[in-house]
Amino acid sequence: MTTTRSWARAERLARARKEQAERGVDALLLGPSADLEYLTGYRPPALERLTMLVLPAQGDARLVVPALEAPLAAGHLGDLEVEVAAWPETGDPVALVTGALAAAGAAGGRLAVGDRLWSSFLLRLQDALPGAGFTPASAVTRQLRMRKDAEEIQALARAAAAIDQVVEHLGELRWAGRSEQELARDIGQAIRDTHDECCFVVVGSGPNAASPHHEATGRTIRPGDPVVVDIGGRLDGYCSDTTRTLVVGEPPAGFRELYTLLHAAQLAGCAAVRPGVPAAAVDAACRDPITAAGQGELFLHRTGHGIGLEEHEDPYIVAGNEEPLEPGMAFSIEPGLYPRGHYGARIEDIVVCTDDGGRRLNTTPRDLRIVS
């Protein structure tokens, strides 16, 4: 759970109501999710028992929860003006949701439903509210979460510093002769030692490095192998995410040249960040030099994704996204090159758009790193 103060959460609820009113949304309906955590500080697991925040644009907010979780929910809400409406094991939580909507005059209105809400709950709500219209809640919540406040940026910086500690010690591990899975276990433990939880560990060696979301296997890492290490965790509710590329001993033929191109492209992407620049322009700043060098087909994915309470969130740094960057937006800059069947390379930093440019939260060197 995050440690945001209750007054800040009250301000977030007020902004959510304002955003709803501006977008013609009569109520937000949020189940367990980062959206719920952002507004209330409470993020229960997504289970078969319905938990749902009912936040009307006008009227009282209610958090519908299973009775056995009501004390826990109330503890997280603190003095936030959200009523806890508990339902017993044999009760009907959907009836509590519809009742809260009716009390606010929103039962027949336009309802913004959490993007991650299970279909089993949504279908029941649609049956119970035939006069309502349903739309994704992200139309509202992305506007709230996309621009981080000072406290959130500090949290992201702490998470970035924690993952940088892990990266700094990668050279102390033995690489040659060990499996990807063995290295992933060691790195995962280092993330758990510096974070509240480990979210993911990608260790792709040799030809496996050409798979951006590779899952570690029993493949033995050998001298001459490039190794892509993409890792992240969660600290105080906020995510870390960084990627560095290592080589075990002497790099294979052509790899240094490929990496030099990638390094320059990643630097260009970071340098392109400033307010008013479209997200697509940052993608282009990374992609254009790679394309000009005749390697454009090797850059398989977008340049980056937003980060915060979730590993991937708005804004997305991708071609076609003409949304201008604003101070407080935080996202990855992570171009990669993947000659299939040979090797791969990626460099990733988290960057925050500031009033006059971009601030890189990850500070470990991007130079090609030789390990043994």
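Draft legend 1. Expanded view of the overall build of the protein chain. Within the protein chain, the regular secondary structure consists of ten helices and 18 strands. Expected size for 372 residues packed as a compact globule is a radius of gyration near 21 Å; at 23 Å, the protein chain falls within 12% of this value. For the protein chain, the residues scored as buried account for 53% of the 372 residues in total. Contacts in the protein chain between residues at least 24 apart in sequence constitute 66% of all its contacts with a sequence separation of at least 6. When the accessible surface of the protein chain is totalled, it reaches about 15100 Å², and 51% of it is carbon and sulfur. With 36 positive and 51 negative side-chain charges, the protein chain shows a spacing of 2 Å between the two charge centroids.

Draft legend 2. Expanded view of the environment of A155. Here A155 is to be found in helix α7 (residues 150–168). We classify A155 as buried; its relative accessible area is 5%.

Draft legend 3. Representation of the sheet that holds strand β5 (residues 110–113) within the structure. If you walk across this open sheet you meet the six strands as β4-β3-β2-β1-β5-β6, and the pairing is mixed. The open sheet terminates on both sides in strands that have one partner only, identified here as β4 (83–87) and β6 (133–136). Taking each pair of neighbouring strands and ignoring which way they run, the sheet shows an average axis angle of 25°. Bridge count for strand β1 (residues 27–30) against β5 is three bridges, and the pairing is parallel. The residue bridging L28 from the neighbouring strand is A112, located in β5. Packing against the sheet, helix α4 (residues 93–103) makes contact with β1, β2 (52–56), β3 (62–66), β4 and β5, and its axis sits at approximately 170° to β3. Contacts from helix α5 (residues 119–128) reach β1, β2, β5 and β6, with the element oriented near 150° to β6.

Draft legend 4. Expanded view of the packing of aromatic side chains. Per the counting criterion, the structure on display carries three aromatic pairs. When the ring of F255 is compared with that of Y343, the centres are 5.0 Å apart and the planes differ by 85°; the resulting orientation is edge-to-face. Of this pair, F255 sits in helix α9 (residues 255–271) while Y343 is found in the loop between β14 (336–337) and β15 (345–346), placing the two residues 88 residues apart along the sequence. Every member of this aromatic cluster is reached through a ring pair, and the members are F255, Y259 and Y343. One cation-aromatic arrangement involves R12 over Y38; the distance from NZ or CZ to the ring centre is 3.9 Å. Above the plane of the ring of F299 lies R287, whose end atom (NZ or CZ) is 3.8 Å from the centre.

Draft legend 5. Just the pattern of salt bridges, in detail. Counted by the stated rule, this structure contains 27 salt bridges. Ionic pairing is found between E313 and R145, a salt bridge with its closest N-O pair at 2.6 Å. One end of the pair, E313, is in strand β12 (residues 313–317); the other, R145, is in helix α6 (residues 138–145), with 168 residues separating them in the sequence. Just as E313 is buried, R145 falls in that class too. For E313, the salt bridge goes to K148, with nearest N and O atoms at 2.5 Å. One end of the pair, E313, is in strand β12; the other, K148, is in the loop between α6 and α7, and 165 residues separate them in sequence.

Draft legend 6. View of the side chain of D225. Topologically, D225 is positioned in the loop between β7 (197–205) and β8 (226–235). Of the residues examined, D225 reaches a relative accessible area of 8% and is grouped as buried. The contacts of D225, once residues within four sequence positions are left out, are S205, G206, R219, T220, L246, V247 and V248.

Draft legend 7. Here's a closer look at the packing of helix α1 (residues 6–23) against α6. One way to put it is that α1 packs onto α6 with a least axis distance of 10 Å and a crossing angle of 135°. Classed by the angle they form, the pair α1 and α6 counts as oblique. Read as a crossing pair, α1 and α6 show a hand that is right-handed. Residues R15, A16, E19, Q20 and R23 of α1 lie in contact with α6, whose contacting residues are A139, V140, Q143 and L144. Among the residues making up the contact of α1 with α6, the classes are represented as four nonpolar, two polar and three charged.

Draft legend 8. The pairing of β3, seen in detail. For β3, the buried fraction is high: four of the five residues fall into the buried class. Pairing between β2 and β3: three bridges, direction antiparallel. For M52, the partnering residue across the bridge sits in β3 and is V64. With antiparallel pairing between neighbouring strands as the criterion, β2 and β3 make up a hairpin whose turn holds five residues, including G59 at a positive phi of roughly 120°.

Calculation rules
- Residues numbered from 1 in each chain as written.
- Predicted model: local features only at pLDDT ≥ 70, side-chain atom pairs only at ≥ 80, totals over all residues.
- Heavy atoms only, no water.
- Helix = DSSP H or I, 4+ residues; strand = E, 2+ residues; numbered from the N terminus.
- Rg over C-alpha atoms; globule rule 2.2 N^0.38 Å.
- Buried < 20%, exposed > 50% of the residue type's maximum accessible area, 1.4 Å probe, protein only.
- Contact = heavy atoms within 4.5 Å.
- Areas by Shrake-Rupley, 256 points an atom, 1.4 Å probe, with all protein chains shown as cover.
- Lys, Arg positive; Asp, Glu negative; His and termini not counted.
- Charge placed at Lys NZ, Arg CZ, Asp CG, Glu CD.
- Pairing = 2+ DSSP bridges.
- Axes fitted to C-alpha atoms, helices over the stretch in contact; angles between N-to-C directions.
- Phe/Tyr/Trp six-rings, centres within 6.5 Å; stacked < 30°, edge-to-face > 60°.
- Lys NZ or Arg CZ within 6 Å of the ring centre and 35° of its normal.
- Salt bridge = Lys/Arg side-chain N within 4 Å of Asp/Glu carboxyl O.
- Parallel < 35°, antiparallel > 145°, perpendicular 65-115°, else oblique.
- Left-handed = near helix turned anticlockwise from the far one by under 90°.
- Nonpolar A, V, L, I, M, F, W, Y, C, P; charged D, E, K, R; others polar.

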